[in-house]
Amino acid sequence: MKILHILHELKFSGAEIMYVDAAPVFQELGCELSVVATAENLGEYAPYFKEAGYKVYHKPYPKFKHLISRIIFIVRFIQFLKNKRIDVVHNHSSGTFWTMAFCAWITGKKSVYTFHSVFPTHFYSYFYHCLLRWSAKNIFNCQFQTISDSVYDHELRLYHNQTSKIYNWYGSNRFYPASNNEKTQKRAELKLPPNSFILISVGGCNLNKRHSDIIKALPLILKYIPNCFYLHLGRGESEQDEMNLVAQLGINNHVLFCSNQTDVRKYLIVSDLYLMTSQYEGIPITTIEAMACKIPAILYDVSGLRDFNKNGENSILILEDCKMLSESVIQLSENEINRNTISENAYNFVKSTFNMERNAKLIFDLYQTKNQ
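These remarks concern the structure in this document. Throughout, a residue's number is its position along its own chain's written sequence, starting from 1. Totals for whole chains, interfaces and linings use every residue, but because this is a predicted model, local features are given only for residues with pLDDT of at least 70 and side-chain atom pairs only at 80 or more, for both listing and counting. In computing side-chain values, all of the structure's heavy atoms are included and hydrogens and water are not.

## Re a nonpolar patch on the surface
Excluding any residue in a salt bridge, patches collect residues exceeding 30% relative accessible area, merging like charges within 9 Å and nonpolar Val, Leu, Ile, Met, Phe, Trp and Tyr side chains within 5 Å. Computed by Shrake-Rupley with a 1.4 Å probe, the accessible areas treat only the displayed protein chains as cover when residues are assessed. Salt bridges are identified by distance alone: a Lys or Arg side-chain nitrogen within 4 Å of an Asp or Glu carboxyl oxygen. Together, Phe64, Leu67, Ile68, Ile71, Ile72 and Val75 make up an exposed nonpolar region whose accessible area comes to about 610 Å². Relative to the helices and strands, Phe64 resides in the loop between strand S3 (55–58) and helix H4 (67–84). We call a residue buried when its accessible area falls under 20% of the maximum for its residue type, exposed when it is over 50%, and partly exposed in between, using a 1.4 Å probe and counting protein chains only. Assessed through its relative accessible area of 61%, Phe64 is described here as exposed. Helix and strand assignments come from DSSP, with helices taken as H or I runs of at least 4 residues and strands as E runs of at least 2, each series counted from the N terminus.

## Quick notes on the sheet that holds strand S2 (residues 32–37)
Here a strand pair is declared whenever DSSP counts at least two bridges between the two strands. Spatial ordering of the open sheet is given by S3-S2-S1-S4-S5-S6-S7, a layout of 7 strands whose pairing is parallel. Each having just a single partner strand, S3 and strand S7 (164–165) make up the two edges of the open sheet. Pairing of strand S5 (residues 110–115) with strand S6 (residues 143–146), which is carried by 4 bridges, proceeds in the parallel orientation. When the sheet's bridge partners are listed, Thr114 is paired in S6 with Gln145. In what follows, a contact means two residues having at least one pair of non-hydrogen atoms within 4.5 Å. The axes are straight lines fitted to the C-alpha atoms, using for helices just the contacting stretch, and the angles between their N-to-C directions are given from 0 to 180°. Where helix H7 (residues 149–159) meets the sheet, its contacts fall on S5, S6 and S7, and the angle it forms with S6 comes to roughly 135°.

## Considerations on the pattern of salt bridges
A complete count under the given rule lists 17 salt bridges for this structure. Residues Arg133 and Glu155 are paired through a salt bridge, measuring 2.8 Å at the closest nitrogen-oxygen approach. One end of the pair, Arg133, is in helix H6 (residues 126–138); the other, Glu155, is in helix H7, with 22 residues separating them in the sequence. Taking the relative accessible area as the measure of exposure, Arg133 reaches 10% and is therefore buried. Overall, Glu155 belongs to the buried group, its relative accessible area being 1%. Between Glu327 and Lys323 there is a salt bridge whose closest N-O contact spans 2.6 Å.

## A short note on the packing of aromatic side chains
For Phe, Tyr and Trp, rings pair up if their centres lie within 6.5 Å, where Trp contributes its six-membered ring, and each pair is then called stacked (planes under 30 degrees apart), edge-to-face (over 60) or tilted (otherwise). Scanning all chains against the criterion turns up 31 aromatic pairs. Seen from their ring centres, Tyr19 and Phe26 are 5.9 Å apart, and the 15° between their planes marks the pair as stacked. Residues Tyr19 and Phe26 agree in their burial class; the two are buried. On the numbers, 6.0 Å between centres and 75° between planes, the contact of Phe97 with Phe144 is edge-to-face. Residue Phe97 is located in helix H5 (residues 97–106), and its partner Phe144 is located in strand S6; the two are separated by 47 residues in the primary sequence. An aromatic cluster of three or more residues is present, and its members are Phe12, Tyr45, Tyr48, Phe49 and Tyr54. Against the face of Phe80 rests Lys59, its NZ or CZ located 4.5 Å from the ring centre. Note that Lys165 overlies the ring of Tyr152, its terminal NZ or CZ placed 4.9 Å from the centroid. By definition, being over a ring means that NZ of Lys or CZ of Arg is both within 6 Å of the ring centre and within 35 degrees of the ring normal.

## Some thoughts on the packing of H5 against H6
Look at H5 against H6: their axes get within 10 Å of each other, and the N-to-C directions meet at 20°. Classed by the angle they form, the pair H5 and H6 counts as roughly parallel. Pair H5 / H6 crosses with left-handed handedness. Here Phe97, Trp98 and Ala101 of H5 come into contact with H6, specifically with Leu132, Arg133, Ser135 and Ala136. For the contact of H5 with H6, the residue count by class is 5 nonpolar, 1 polar and 1 charged. Throughout this description, any angle smaller than 35 degrees is read as roughly parallel, any larger than 145 degrees as roughly antiparallel, any in the 65 to 115 degree range as roughly perpendicular, and the remainder as oblique. Each crossing is labelled by how the near helix is turned from the far one, with a counterclockwise turn of less than a right angle marking it left-handed and a clockwise turn marking it right-handed. Here the nonpolar group is Ala, Val, Leu, Ile, Met, Phe, Trp, Tyr, Cys and Pro; Asp, Glu, Lys and Arg are the charged ones; every other residue, Gly included, is treated as polar.

## Quick notes on the pairing of strand S10 (residues 255–259)
In terms of strand pairing, strand S9 (residues 228–233) meets S10 through 4 bridges, oriented parallel. Counted as the bridge partner of Tyr230 is Val255 from S10. As for the winding sense of the linkage, the β-α-β connection from S9 through helix H10 (residues 239–249) to S10 is right-handed. We call a crossover right-handed when, viewed with both strands directed away from the observer, the connection leading from the first strand over the helix to the second proceeds clockwise.

## Concerning the pairing of S2
Taken across its 6 residues, S2 has 5 buried, putting it largely inside the fold. Where strand S1 (residues 2–7) and S2 come together, 6 bridges link them in parallel fashion. Looking across to S2, one finds that Ile3 is bridged to Leu33. Relative to S3, S2 runs parallel, the two sharing 4 bridges. Bridge assignment links Ser34 to a residue of S3, and that residue is Lys55. Tracing the backbone out of S2, into helix H3 (residues 46–51) and back to the parallel element S3 gives a crossover that is right-handed.

## Details of empty space enclosed by the protein
Cavities and pockets were defined on a 1 Å grid built from protein atoms only: a cavity is a group of points that admits a 1.4 Å probe but offers it no way out, a pocket is an open group of points flanked by protein on both sides within 12 Å along at least five of seven lines, and a lining residue is one with an atom within 4 Å of any such point. Grid points are joined across faces, edges and corners, and a volume is the space filled by probe spheres set on the points. In this structure the tally under the stated criterion is 1 cavity of 30 Å³ or more. One number sums up the size of the largest cavity: a volume of about 40 Å³. If you trace the largest cavity, you find it lined by Ser201, Val202, Lys209, His211, Tyr274, Leu275, Met276 and Thr277. If you list the elements that add at least two residues to the lining of the largest cavity, you get strand S8 (197–202) and strand S11 (273–276). The element contributing the most residues to the lining of the largest cavity is S11, with 3 residues. Taken together, the residues of the lining of the largest cavity sort by class into 4 nonpolar, 3 polar and 1 charged.

So, in structure tokens, the structure goes:
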């Protein structure tokens, strides 16, 4: 079975990491894997797809204002699907989901679209989005999949859109708790003070992630935890603004901008608390990975993040407020027993819920489901 994944730019991001990790599972099931990047740039994660056995293609999708170019793209993409004898088009890019469903339908092939997040909508575009969903599903026979309870509920409640709920997964061979003395060894390797209290966030820099909230909380945290450091992993459009804010607050010596890292686990296991301050999420892979390493988490109580606590106290959920964030960090820093309880609960939760072999096989079953 030939599977073609459609993504925007191939970045160090959730869907990309998941489907690279799961490549051996799909290959063992008989899948031949390809991926198309439709952004202007191919993306820095492309080599990882190639290493995992994917054929990688770069086909930039023209903007809507270039209507003729877009029509030419569609004609050529239909021919591409025929020439490569693709069996299933699995799209992860919101900007192309209707077009790719149409192309697959024209060639008589299966199409799947995954909703990866809880995207806000506006009143003036609501009916347009409803129409896209209805036509892709009912005319082009596209099958919709959601990755979490929040995304599933969002689609059903807002758009009356029934989807197949299949949870995300993580690579348990890459993310697991620290062994004896490993935390100390890795801190020395990264030149971090052995007795410091370390906070970490992992994710792209953008307005949704709101890393600025963590930075704003640091001055108060430092009054009570003067040996506190913040490891900031990720890059993006708001990175420079975040650096400027750190300089403005005079906390340069307590914030380490670590960019994107291939060995994220090393940074997680040296940390004492994982923080996520997003406005909304689908279900973040980085949070799952942190919990798989037994790092206790403080999360904003928003869609996608509150999913982690549906079956128990697996994290500290707080209101979207810098002061509350700082107070929660201080309180949890003083209670090691509570940190250990939360991290143990979270570890057991992610191991049972976000299992790669099981959930990837459920995706494979979706590929085999006949179009209605």
